[in-house]
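# Topology and contacts: notes
Residue strings, one per chain:
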Amino acid sequence: MKTPFELFISLTYTRAGRRGRRKDRFMSFISAMSVTSIALGVAALIIVLSVMNGFQKEVRDRMLSVVPHIEVMGPRGALNDWHPLADAVLQVPGVVSAAPYVTGQGLLSSGRTVRGAVVKGIDPSAEGAVSDLASQLRGGAELSVLEPGSFRVILGRDLANALRVRPGDKVALLVPEGNMTPTGLVPRMKQFTVAALFQSGHYEYDSSMAVVHVDDAAALFRTGGPQGLRVKTSDMNEAPVIAQRLLSVLPSGFWAVDWSRQNRTWFAAVQVEKRMMGIILFLIVLVGAFGLVSTLVMTVKEKRSDIAILRTLGASSGSIMTIFVVQGAIVGFLGVAVGTAAGLAVAYNVGAIVETIEALLGVEFLPKEIYFISSMPSDPRMSDIVPIAVFSFLLSLVATVYPSWRAAQTHPAEALRYE
């Protein structure tokens, strides 16, 4: 099949062999720099967004190892019998399991140290079906250590460190609801025995959560029983949709809240940060596009006589414009292709790359004591990569319009006057 002469000339202008003229080799070098700048911008976008996705996924997964996918809550007061409600909830498509809970806030004290805590009352026999708390217990402990009436507590590791307690120690738990006495309101206080420690890897929960038996929590907060149900779904991403389905089977006055609504402030902040980082890094691609404009402007100026000869041989203005549009498209396509390949290669191996750099430099970018992450997380997503590649290529095409149009406006007589 015969190659269109526009494509042939575009390829000739884009690259020059070793035997080419010095000016041609220089133009080829400029084209290579344009390809490199676009590739660096695309690769940087893919790598940074993949790492941000990895951190978001890591935090979300660790958060959901403690927080339920959906919480079903009723009117003020306790559920008289949570089993019928759980049976109805389990009939909803997408729901895997349900377990009762009681929640409240209190103050934990040990000696002179006092820390605020979120107290979660759970049913040890059912909790394993809705969370990963059992796998996060340290020292081989089990949830069965929480027995009704034993007033034992499982503390987050950082909370225990702040209180300077270990399993077997005693802590006092004070709750805001108190008893009226002749001297005024006296907060209720109960002594608990630390039965075990857990470590979810999420500092917010490890530093502020205390887990007790649901019956002990109900007695302490005087709720009379469970306040609601913790629900696990087959797909965490479908939790908002499943929560809406639950509303159709729940009794009047009950409602369901999914994890994305409970933590929407944090996730909204992450999305804004990711969006702004993408805009900032996209400027690198824009710089590459400006470099492409410069390359084409220099090429048009250098090839004025060639353009004039082509026009005298019968080439139309559209053909001349096509030559330089195709040249820019080739540079843009190569830049996007190389950048995408390099970005994906780094994104899928960023953990090993960071470990190698840490070993060579003797530094630690992510101290485990602070981040609880042993390696740099990365989660490349096609929903990010495809728009990056498409928009970068389109930007390259847009950058070719003006230089190509100027080339098409070249008058043969003026271009050849001084040749």
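Residues numbered from 1 in each chain as written. Predicted model: local features only at pLDDT ≥ 70, side-chain atom pairs only at ≥ 80, totals over all residues. Heavy atoms only, no water.

### A word on the nonpolar core
Of all hydrophobic cores here, the largest spans 36 residues; its most connected members are Ile70, Val72, Leu229 and Leu246. With sequence-adjacent residues up to four places away left out, isoleucine 70 is seen in contact with Leu229, Arg230, Val231, Thr233, Ala239, Ile242, Ala243, Leu246, Ala256, Val257 and Asp258. In terms of nonpolar packing, the next biggest core, distinct from the first, is built from 24 residues, Leu155, Ala160, Val175 and Phe192 among them. (Core = buried A, V, L, I, M, F, W, Y, C linked by side-chain atoms within 4.5 Å. Buried < 20%, exposed > 50% of the residue type's maximum accessible area, 1.4 Å probe, protein only. Contact = heavy atoms within 4.5 Å.)

### A few points about unusual backbone geometry
Positive phi values are uncommon outside glycine, yet phenylalanine 151 reaches one of about 50°. Positionally, phenylalanine 151 belongs in the loop between helix 4 (124–127) and strand 4 (152–156). The phi torsion at arginine 164 lies on the positive side, around 60°, for a residue other than glycine. Mapped onto the fold, arginine 164 is located in the loop between helix 5 (157–163) and strand 5 (170–181). (Helix = DSSP H or I, 4+ residues; strand = E, 2+ residues; numbered from the N terminus.)

### Considering the pattern of salt bridges
Counted by the stated rule, this structure contains four salt bridges. The salt bridge partner of arginine 230 is glutamate 127, with a shortest N-O separation of 2.8 Å. Highlighted residues: arginine 230 in strand 8 (residues 228–233) and glutamate 127 in helix 4, separated in sequence by 103 residues. For arginine 230, a relative accessible area of 4% translates into the label buried. The buried category is assigned to glutamate 127, whose relative accessible area is 1%. (Salt bridge = Lys/Arg side-chain N within 4 Å of Asp/Glu carboxyl O.)

### Points about helix 3 (residues 82–90)
Quick reminder: α-helices carry 3.6 residues per turn. Residues three or four places apart thus point the same way. For helix 3, every residue scored as buried is listed here: Trp82, Leu85, Ala86 and Val89. In a view along the axis of helix 3, the buried residues occupy a sector of 100°, so they form one face of it. Where helix 3 is buried, its residues contact strand 1 (70–73), strand 2 (95–110), strand 8 and helix 8 (239–247). (Arc of directions from axis to C-beta.)

### Here we look at helix 8
By the burial criterion, the buried members of helix 8 are Ala239, Ile242, Ala243 and Leu246. Along helix 8, the residues classed as buried sweep out an arc of 105° about the axis, all on the same side. Residues of helix 8 that are buried in the fold lie against strand 1, helix 3, strand 2, strand 8, strand 9 (255–258) and helix 9 (259–262).

### Comments concerning the packing of aromatic side chains
One pass over the full model with this rule turns up one aromatic pair. The ring centre of phenylalanine 151 lies 4.4 Å from the NZ or CZ of lysine 190, which sits over that ring. (Phe/Tyr/Trp six-rings, centres within 6.5 Å; stacked < 30°, edge-to-face > 60°. Lys NZ or Arg CZ within 6 Å of the ring centre and 35° of its normal.)

### Focus on the packing of helix 12 (residues 317–348) against helix 15 (residues 382–408)
Where helix 12 meets helix 15, the axes come as close as 8 Å, and the angle between the chain directions of the two elements is 155°. Taken together, helix 12 and helix 15 sit at an angle that is classed as roughly antiparallel. Both helix 12 and helix 15 take part in a crossing whose hand is right-handed. Here Ser317, Ile320, Met321, Phe324, Val325, Gly328, Ala329, Gly332, Phe333, Val336, Thr340 and Leu344 of helix 12 lie close against helix 15, whose contacting residues are Ile385, Ala389, Ser392, Phe393, Ser396, Leu397, Thr400, Val401, Ser404, Trp405, Ala407 and Ala408. (Axes fitted to C-alpha atoms, helices over the stretch in contact; angles between N-to-C directions. Parallel < 35°, antiparallel > 145°, perpendicular 65-115°, else oblique. Left-handed = near helix turned anticlockwise from the far one by under 90°.)

### Overview of the pairing of strand 2
Burial within strand 2 is extensive, with 12 of its 16 residues counted as buried. Taken together, the six bridges between strand 2 and strand 8 define a ladder with antiparallel strand orientation. The partner of alanine 98 across the bridge, within strand 8, is valine 231. Note: strand 2 against strand 3 (residues 113–122), 10 bridges, orientation antiparallel. Within the sheet, the bridge partner assigned to valine 102 lies in strand 3 and is glycine 121. As consecutive antiparallel partners, strand 2 and strand 3 are separated by two residues, and within that stretch glycine 111 has a phi angle of approximately 65°, a positive value. (Pairing = 2+ DSSP bridges.)

### Quick look at the side chain of asparagine 53
With respect to the helices and strands, asparagine 53 occurs in helix 2 (residues 22–64). Polar contacts involving the side chain of asparagine 53 include one to the side chain of aspartate 384, which spans 2.7 Å. Setting aside chain neighbours within four positions, we find asparagine 53 in contact with Lys274, Asp379, Arg381 and Asp384. (Polar contact = N/O pair within 3.5 Å; in protein donor to acceptor, adjacent residues only side chain to side chain.)

### Points about a nonpolar patch on the surface
A surface patch of nonpolar side chains, about 560 Å² in accessible area, is lined by Ile353, Ile357, Leu360, Leu361, Val363 and Phe365. Along the chain, leucine 361 turns up in helix 13 (residues 350–361). Judged by relative accessible area, leucine 361 falls into the exposed class, the value being 59%. (Patch = residues over 30% accessible without salt bridge, like charges linked within 9 Å, V, L, I, M, F, W, Y side chains within 5 Å. Areas by Shrake-Rupley, 256 points an atom, 1.4 Å probe, with all protein chains shown as cover.)

### Observations concerning the confidence of the model for the chain
Mean pLDDT over the chain stands at 81; residues scoring 70 or higher make up 85%. Averaged over each element, pLDDT in the chain is lowest for helix 14 (residues 368–371) (58) and highest for strand 4 (93). (pLDDT = per-residue confidence, 0-100.)

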